[in-house]
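Chain by chain, the residues:
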Amino acid sequence: MIRLNNDTPSDVLQEVKIGDMVTDTFSKTGLVENIEISDDGLYRVYEFNLVTGRTITVKK
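If you're wondering where the values come from, they're calculated on a predicted model, not measured in any experiment. (Residues numbered from 1 in each chain as written. Predicted model: local features only at pLDDT ≥ 70, side-chain atom pairs only at ≥ 80, totals over all residues. Heavy atoms only, no water.)

(A) Molecular detail of the overall build of the chain. Looking only at helices and strands, the chain features one helix and five strands. The helix and strand sequence of the chain, counted from the amino end, reads β-α-β-β-β-β. A globule of 60 residues ought to have a C-alpha radius of gyration of about 10 Å, and the chain, at 11 Å, matches this closely. With the C-alpha coordinates aligned to their principal axes, the bounding extent of the chain is approximately 30 × 20 × 20 Å. Taking all contacts inside the chain whose residues are at least 6 apart in sequence as the whole, residues at least 24 apart take part in 25%. Summing over all exposed atoms, the chain offers an accessible surface of approximately 4000 Å²; the carbon and sulfur share of this is 48%. Separation between the mean location of the 7 positive side-chain charges and that of the 10 negative ones in the chain comes to 4 Å. (Helix = DSSP H or I, 4+ residues; strand = E, 2+ residues; numbered from the N terminus. Rg over C-alpha atoms; globule rule 2.2 N^0.38 Å. Contact = heavy atoms within 4.5 Å. Areas by Shrake-Rupley, 256 points an atom, 1.4 Å probe, with all protein chains shown as cover. Lys, Arg positive; Asp, Glu negative; His and termini not counted. Charge placed at Lys NZ, Arg CZ, Asp CG, Glu CD.)

The following block contains the structure:
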């Protein structure tokens, strides 16, 4: 299981793939269904959509 939060290194965030088991260490845990990566000019924003319908968002 991969822990995703703002302290997670960028190389780990890049290696997460669909089907991986991830958690935000609080209430969101599940398999990754979709990954969206965007850049808002200041941060790179990673959105991991889980099969449970929840989304884990990490800004780096």
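And the narrative resumes.
(B) Geometry of the pairing of strand 5 (residues 55-59). Across the two faces of strand 5 the burial differs, with Ile56 and Val58 buried and Thr55, Thr57 and Lys59 not buried at all. Bridge count for strand 4 (residues 44-50) against strand 5 is five bridges, and the pairing is antiparallel. Among the inter-strand pairings, Glu47 is bridged to a residue of strand 5, identified as Thr57. (Buried < 20%, exposed > 50% of the residue type's maximum accessible area, 1.4 Å probe, protein only. Pairing = 2+ DSSP bridges.)

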